[in-house]
Amino acid sequence: EAQVTQNPRYLITVTGKKLTVTCSQNMNHEYMSWYRQDPGLGLRQIYYSMNVEVTDKGDVPEGYKVSRKEKRNFPLILESPSPNQTSLYFCASSLGSPDSGNTIYFGEGSWLTVV
Amino acid sequence: AQKVTQAQTEISVVEKEDVTLDCVYETRDTTYYLFWYKQPPSGELVFLIRRNSFDEQNEISGRYSWNFQKSTSSFNFTITASQVVDSAVYFCALSVVGNEKLTFGTGTRLTIIP
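Below: a short report on this structure.

Calculation rules
Residues numbered from 1 in each chain as written. Chains lettered and ligands numbered in written order. Predicted model: local features only at pLDDT ≥ 70, side-chain atom pairs only at ≥ 80, totals over all residues. Heavy atoms only, no water. Helix = DSSP H or I, 4+ residues; strand = E, 2+ residues; numbered from the N terminus. Rg over C-alpha atoms; globule rule 2.2 N^0.38 Å. Pairing = 2+ DSSP bridges. Buried < 20%, exposed > 50% of the residue type's maximum accessible area, 1.4 Å probe, protein only. Contact = heavy atoms within 4.5 Å. Core = buried A, V, L, I, M, F, W, Y, C linked by side-chain atoms within 4.5 Å. Disulfide = S-S within 2.5 Å.

## Concerning the overall build of chain B
At step 1: Helix and strand counts for chain B stand at zero helices and twelve strands.
At step 2: Helices and strands in chain B line up, N terminus first, as β-β-β-β-β-β-β-β-β-β-β-β.
At step 3: Here chain B has a C-alpha radius of gyration of 14 Å; the compact-globule value for 114 residues is 13 Å, and the two agree.
At step 4: Overall, chain B is about 45 × 25 × 20 Å in size when its C-alpha atoms are taken along their principal axes.

Structure representation (structure tokens):
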């Protein structure tokens, strides 16, 4: 089954404790991206990757890091989480860039709470 | 810059009623793509439809239909004979050439009352 898999789905952590949210897709997609969803703000892009070893900032990259060492994986790293990073996070992938009209498929979401 | 406006924050209708979710977009590009996603209470985002700016034909898929009007920069979504399973947050989104992302509206929470 074609899917984007994120882990963990739910996490409560403390301020400053490094964490990684993993993302994996099995569709051989070149494009991957991370979004966060906050009430009243919709979804905003954090980082994206056009291919292996190619990553770039989205609209809200502060406090996050990413890497793309393999095509299928695109982990999101919070080096020192803060309460304002409490959010619902989505990993996404598509065959190519969304600006060519490629449909973006999303994972199930990861609920992150930083206390 | 691009922008998507979903002015309806929340809508409630009684089951079997028809309901239309509004989406207004802003872009200076002539080539762009519009999307609708559904987010049920379980939280995942489900792709519903994609439309490109050169195709103004309306689309119907079962009880769902979409009305794309470039003249008013709108891409509205209608659910006919609504069902409880339609209860969800619906997002409209836009992508334009040169922008490697989707620009989302703030979503409309639809509640279908049995």
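## Remarks on the pairing of strand β6 (residues 46-52) of chain B
Residues and elements named next belong to chain B.
At step 1: Relative to β6, strand β5 (residues 32-39) runs antiparallel, the two being bridged by six bridges. By the bridge assignment for β6, tyrosine 37 is matched with phenylalanine 47.
At step 2: What sits between β5 and β6 in their antiparallel hairpin is a turn of six residues, with glycine 43 showing a positive phi close to 105°.

## A closer look at the side chain of glutamine 85 of chain A
Residue and element names in this part refer to chain A.
At step 1: Assignment of secondary structure puts glutamine 85 in the loop between β8 (76-78) and β9 (87-94).
At step 2: Judged by its relative accessible area of 4%, glutamine 85 is buried.
At step 3: Every residue in contact with glutamine 85, bar those within four places of it in the chain, is listed here: Arg36, Glu62, Gly63, Tyr64, Leu78, Ser80, Leu112 and Val114.

## Here's the deal with the nonpolar core
If you look at soluble globular proteins, the nonpolar side chains tend to sit buried side by side.
Residues and elements named next belong to chain B.
At step 1: Within the largest apolar cluster, 24 residues are counted, with the highest numbers of intra-cluster contacts made by Trp36, Phe77 and Tyr90.
At step 2: Those elements that provide at least two residues to this core are β2 (10-14), β3 (19-21), β5, β8 (64-69), β9 (74-79), β10 (88-96) and β12 (108-113).
At step 3: No other element matches the five residues that β10 contributes to this core.

## Considering the state of the cysteines
At step 1: Scanning all chains against the criterion turns up two disulfides over all chains.
At step 2: Note that cysteine 23 of chain A is cross-linked by a disulfide to cysteine 91 of chain A, the S-S spacing being 1.8 Å. Since a negative S-S torsion denotes a left-handed disulfide, the cysteine 23 of chain A-cysteine 91 of chain A link at about -75° is left-handed. Here cysteine 23 of chain A, found in strand β3 (residues 19-25), pairs with cysteine 91 of chain A, found in strand β9; they are 68 residues apart in sequence, far enough to count as distant. Considered together, cysteine 23 of chain A and cysteine 91 of chain A belong to a single accessibility category, that of buried residues.
At step 3: In this model, cysteine 23 of chain B is linked to cysteine 92 of chain B through a disulfide, with the two sulfur atoms separated by 1.9 Å.

The values reported here are purely geometric and, on their own, carry no functional implication.
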